[in-house]
Amino acid sequence: RSSGITNPSAIYVSYQDHGNVLSATSRLRNAFDKAPIFARSQTRFEAQVLKAAGATEVVVEADELPRSAVALLIGDWERSTSLPLSRQILQKEVAKASGLTLQQAEEILKWFECIDQEGTGLVDPSKLTGVIRRSNSGVLSDEEIDSMEQWINDFVKKPLDYIGFCKMYKKAPGSVQQAFTDACIF
């Protein structure tokens, strides 16, 4: 805004350092709430954090550049999601985007990871209904399972990322929440 721009048609954020991209994306989203913001990240994990901070779309270098394929094959994705600082950033951004406490966000992220066993960063409706079928704690009848599955099918129209899963969980009926909790007890 200080440069005189009041209504940008699109914003592109492309710094090398993830912290700078995150900071700029967050500030720009606050300044221009309706403008599409496109950002770049090096990993899918960073992309999740940027989407939570307000990016409309994120280009993941690891998916777009052939030279990054080796990093994915040797497990860079797995390592990046297990770093304590990265986990804290994700937890904070997910909590903020979905209206949860940090503790609630962490619990739900654990359930998400339990369901997303392949580590893709997305869960589709069929995986969610599979979890409902696996969970038998507190389920009284086939009708109750059918009702929970119907809720999933009505509410979830496309694969969910971390944030989408947390938002879905927050709106889910108690029986669906309990089924996810029971299915993912470690």
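The text that follows walks through the structure, step by step, so that each part is easy to find. Counting restarts for each chain, with residues numbered from 1 along the sequence as it is written. Local features in this predicted model are restricted to residues of pLDDT 70 or higher, and side-chain atom pairs are both shown and tallied only at a pLDDT of 80 or more, whereas totals for entire chains, interfaces and linings draw on every residue. Working from all heavy atoms in the structure, the side-chain values ignore hydrogens and water.

1. Let's talk about the overall build of the chain
Stage number 1. When its secondary structure is counted, the chain shows 11 helices and 3 strands.
Stage number 2. Counted from the first residue to the last, the chain has its helices and strands arranged as β-α-β-α-β-α-α-α-α-α-α-α-α-α.
Stage number 3. Burial here depends on accessible area, computed with a 1.4 Å probe over protein chains only, as a share of the maximum for the residue type. Under 20% is buried, over 50% is exposed, and the range in between is partly exposed. Counting over 186 residues, the chain shows a buried share of 45%.
Stage number 4. In the chain, the proportion of contacts linking residues at least 24 apart, taken out of those at least 6 apart, comes to 56%. Working definition: helices are DSSP H or I runs of at least four residues, strands are E runs of at least two. Numbering for both runs from the N terminus. Residues are treated as being in contact if the distance between any of their heavy atoms lies within 4.5 Å.

2. What about the environment of alanine 97?
Stage number 1. Considering the arrangement of structural elements, one finds alanine 97 in helix 6 (residues 84-98).
Stage number 2. Given the relative accessible area of 28%, alanine 97 is considered partly exposed.
Stage number 3. Considering only alpha carbons, one finds alanine 97 and lysine 167, 70 residues apart in sequence, at a separation of 8.4 Å.

3. Remarks on the nonpolar core
Stage number 1. Of all hydrophobic cores here, the largest spans 50 residues; its most connected members are Leu128, Phe165, Met168 and Phe180.
Stage number 2. Apart from residues lying up to four places away in sequence, phenylalanine 180 is in contact with Trp111, Ile115, Leu128, Val131, Ile132, Ile152, Met168 and Tyr169. The term nonpolar core refers to a set of buried residues drawn from Ala, Val, Leu, Ile, Met, Phe, Trp, Tyr and Cys, joined through side-chain atoms within 4.5 Å.

4. As for the layout of surface pockets
Stage number 1. Quantified by volume, the largest pocket comes out at close to 410 Å³.
Stage number 2. Think of a 1 Å grid over the protein atoms and nothing else: a 1.4 Å probe that fits but is trapped marks a cavity, an open set flanked by protein within 12 Å on at least five of seven lines marks a pocket, and residues with an atom within 4 Å of a point count as lining. Taken together, 16 residues line the largest pocket, and the ones lying closest to its centre are Lys158, Leu160, Asp161, Ile163 and Gly164.
Stage number 3. Here the lining of the largest pocket takes 4 residues from helix 10 (residues 162-171), the largest share from any one element.
Stage number 4. Residue type decides the class: Asp, Glu, Lys and Arg count as charged, Ala, Val, Leu, Ile, Met, Phe, Trp, Tyr, Cys and Pro as nonpolar, and the leftover types, Gly among them, as polar. When grouped by side-chain class, the residues that make up the lining of the largest pocket number 9 nonpolar, 1 polar and 6 charged. Grid points are joined across faces, edges and corners, and a volume is the space filled by probe spheres set on the points.

5. Re the side chain of threonine 129
Stage number 1. Structurally, threonine 129 is set in helix 8 (residues 125-134).
Stage number 2. Judged by relative accessible area, which is 14%, threonine 129 ranks as buried.
Stage number 3. When residues no more than four places from it in sequence are discounted, the contact partners of threonine 129 are Glu149, Ile152 and Asn153.

6. Digging into the pattern of salt bridges
Stage number 1. Any carboxyl oxygen of Asp or Glu that lies within 4 Å of a side-chain nitrogen of Lys or Arg is treated as forming a salt bridge with it. Applying the stated criterion to the full structure yields 1 salt bridge.
Stage number 2. The residue lysine 51 makes a salt bridge to glutamate 57 at a minimum N-O spacing of 3.9 Å.
Stage number 3. In this structure lysine 51 comes out as partly exposed when scored by relative accessible area, which is 32%.

7. Observations concerning the pairing of strand 3 (residues 57-60)
Stage number 1. Residues Val58 and Val60 line the buried face of strand 3, whereas the alternating positions Glu57 and Val59 sit on a face that is not buried.
Stage number 2. Relative to strand 3, strand 2 (residues 37-41) is paired through 4 bridges, and the arrangement is parallel. Among the inter-strand pairings, phenylalanine 38 is bridged to a residue of strand 3, identified as glutamate 57. In this analysis, strands are considered paired if DSSP registers two or more bridges between them.

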